[in-house]
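What the coordinates show
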Protein chains: 2
Amino acid sequence: MDNATSKRNTKQKAAIERVVLSSCDHPSAETVCERVRKELPSVSLGTVYRVLKALALEGRIREISLPNAPSRFDKTTDIHAHFVCLGCGSVTDVNAEESEFLSRTRSALPDWRIEEADIVFKGLCPNCKEIKL
Amino acid sequence: MDNATSKRNTKQKAAIERVVLSSCDHPSAETVCERVRKELPSVSLGTVYRVLKALALEGRIREISLPNAPSRFDKTTDIHAHFVCLGCGSVTDVNAEESEFLSRTRSALPDWRIEEADIVFKGLCPNCKEIKL
DNA sequence: ATGATAATGATAACGATTATCAATAGTGCT
DNA sequence: AGCACTATTGATAATCGTTATCATTATCAT
């Protein structure tokens, strides 16, 4: 329940972690802040950034870095691929057999130590694809 | 030789494209600017950004978006994986059978239209791995 | 050469994120 | 419970990469 980097338990930390763990839509720091404010109206955006960064460092949540867009935060912590819809901006988990891809790549590149992977697909989600057709 | 978006040929555009096409180290906009200044000491960083963006849009070069780091620019325009070394910061092309991975993913997700993919590995390159051991 | 206007250079503005710092509030001790 | 210590907060300024603005310059069809 406790951890090394965080020395004191505050309602802010608890609420921020709770929001990410109960969100399925990969919210940005700003969105997390809005949701936390439903419960704690005075949280500052700075605190949200600070706590999210700490949680990611502790491995309790995952930061999804997106090109030319604010980072999103994910309750799923293992490496997995994401799809960003260029139509609606949604971020979704996709099953791309990324773990197999990762292990293949690792064995193909034995001299490189791969510690992280960001796999981001961009295009149109089923909804937006239908609209554009 | 000519293109649609660009209406006039300037020495700045020519020099900027030449620098990217002759660079093998995936330079950032700032680095491109420094190199162009060897030849055209008065180019502004704004122009470099503007031209790089246009060249990427025209498909003559590729922008590599990296998490929490300035974009790099690449003479290779097709989708391919990159490796960012957490030790020395270098960005390298790696062969990860990414085209096979892409086509597998496309057929696994027929309802999603995948138009782009950013595949970025992070870890230690052979050099830095050796130092850290 | 000349004129229309695209492109430039200088600089301000921007959005996302991080740093600063005085005020607040957990936590261990009595 | 009260108190002291100090980690954490909220407010705000600062930073970084990038984009926008705009007066000046330079390209190119005529």
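Calculation rules
- Residues numbered from 1 in each chain as written.
- Chains lettered and ligands numbered in written order.
- Predicted model: local features only at pLDDT ≥ 70, side-chain atom pairs only at ≥ 80, totals over all residues.
- Heavy atoms only, no water.
- 1 Å grid on protein atoms, 1.4 Å probe; cavity = no way out; pocket = protein on both sides within 12 Å on 5 of 7 lines; lining within 4 Å.
- Points joined across faces, edges and corners; volume = space filled by probe spheres on them.
- Helix = DSSP H or I, 4+ residues; strand = E, 2+ residues; numbered from the N terminus.
- Nonpolar A, V, L, I, M, F, W, Y, C, P; charged D, E, K, R; others polar.
- Axes fitted to C-alpha atoms, helices over the stretch in contact; angles between N-to-C directions.
- Parallel < 35°, antiparallel > 145°, perpendicular 65-115°, else oblique.
- Left-handed = near helix turned anticlockwise from the far one by under 90°.
- Contact = heavy atoms within 4.5 Å.
- Domains from an automatic or database assignment.
- Buried area = accessible area lost by both parts, 1.4 Å probe.
- Salt bridge = Lys/Arg side-chain N within 4 Å of Asp/Glu carboxyl O.
- Pairing = 2+ DSSP bridges.
- Near = heavy atom within 4 Å.
- Polar contact = N/O pair within 3.5 Å; in protein donor to acceptor, adjacent residues only side chain to side chain.

Here we take up empty space enclosed by the protein. All told, the structure shown has 3 cavities of 30 Å³ or more when counted by the stated rule. What the largest cavity holds in volume is close to 70 Å³. Around the largest cavity, the lining residues are Glu97(A), Glu100(A), Phe101(A), Arg104(A), Glu97(B), Glu100(B), Phe101(B) and Arg104(B). Elements represented by at least two residues in the lining of the largest cavity include exactly α4 (98–108) of chain A together with α4 (98–108) of chain B. In the lining of the largest cavity, the residues fall into 2 nonpolar, no polar and 6 charged.

All right, on to the packing of helix α2 (residues 29–37) of chain B against helix α3 (residues 45–57) of chain B then. All names here are of chain B. Following both chains from N to C, one finds α2 and α3 inclined at 115°, their axes separated by 9 Å at the closest point. Regarding the angle of α2 to α3, the classification is roughly perpendicular. The crossing of α2 and α3 is right-handed. Every residue of α3 that contacts α2 at Ala29, Glu30, Val32, Cys33 and Arg37 is listed here: Leu45, Val48, Tyr49 and Leu52. Classifying every residue of the contact of α2 with α3 gives 7 nonpolar, no polar and 2 charged.

Moving on to the domain arrangement of chain A. Size of an interface, as often reported, equals the accessible area lost when the parts are brought together. Residues and elements named next belong to chain A. In terms of domains, chain A is made up of domain 1 (3–64) and domain 2 (78–132). A straight line from the C-alpha centre of domain 1 to that of domain 2 covers 24 Å. Taken together, the contacts link 4 residues of domain 1 with 9 residues of domain 2. Summing both partners gives a buried area of about 480 Å² for domain 1 against domain 2, and 48% of it is carried by carbon and sulfur. Applying the counting rule to domain 1 against domain 2 returns 1 salt bridge. The salt bridge involving Arg62 is made with Glu116; its shortest N-O contact spans 3.1 Å.

Time to look at the sheet that holds strand β5 (residues 113–124) of chain B. If you walk across this open sheet you meet the 6 strands as β4(A)-β3(A)-β5(A)-β5(B)-β3(B)-β4(B), and the pairing is mixed. What marks the edges here is a single partner per strand, and that holds for β4 (91–93) of chain A together with β4 (91–93) of chain B. Sheet twist, expressed as the mean angle between neighbouring strand axes with direction ignored, is 25°. Pairing of strand β3 (residues 82–85) of chain B with β5(B), which is carried by 4 bridges, proceeds in the parallel orientation. Bridge pairing in β5(B) places Phe83(B) opposite Phe121(B).

Taken together, 18 residues lie near DNA strand D, and Lys7(A), Thr10(A), Lys13(A), Arg8(B) and Tyr49(B) sit nearest. Counted by atom, the contact set of DNA strand D within 4 Å of the protein is 69% sugar and phosphate. A distance of 3.4 Å is found between a phosphate oxygen of DNA strand D and a backbone nitrogen or oxygen belonging to Ser42(A). Contributing elements (two or more residues each) for the surface near DNA strand D: α1 (11–21) and α3 (45–57) of chain A together with α3 and β2 (69–74) of chain B. Partitioning the surface near DNA strand D into residue classes produces 3 nonpolar, 8 polar and 7 charged.

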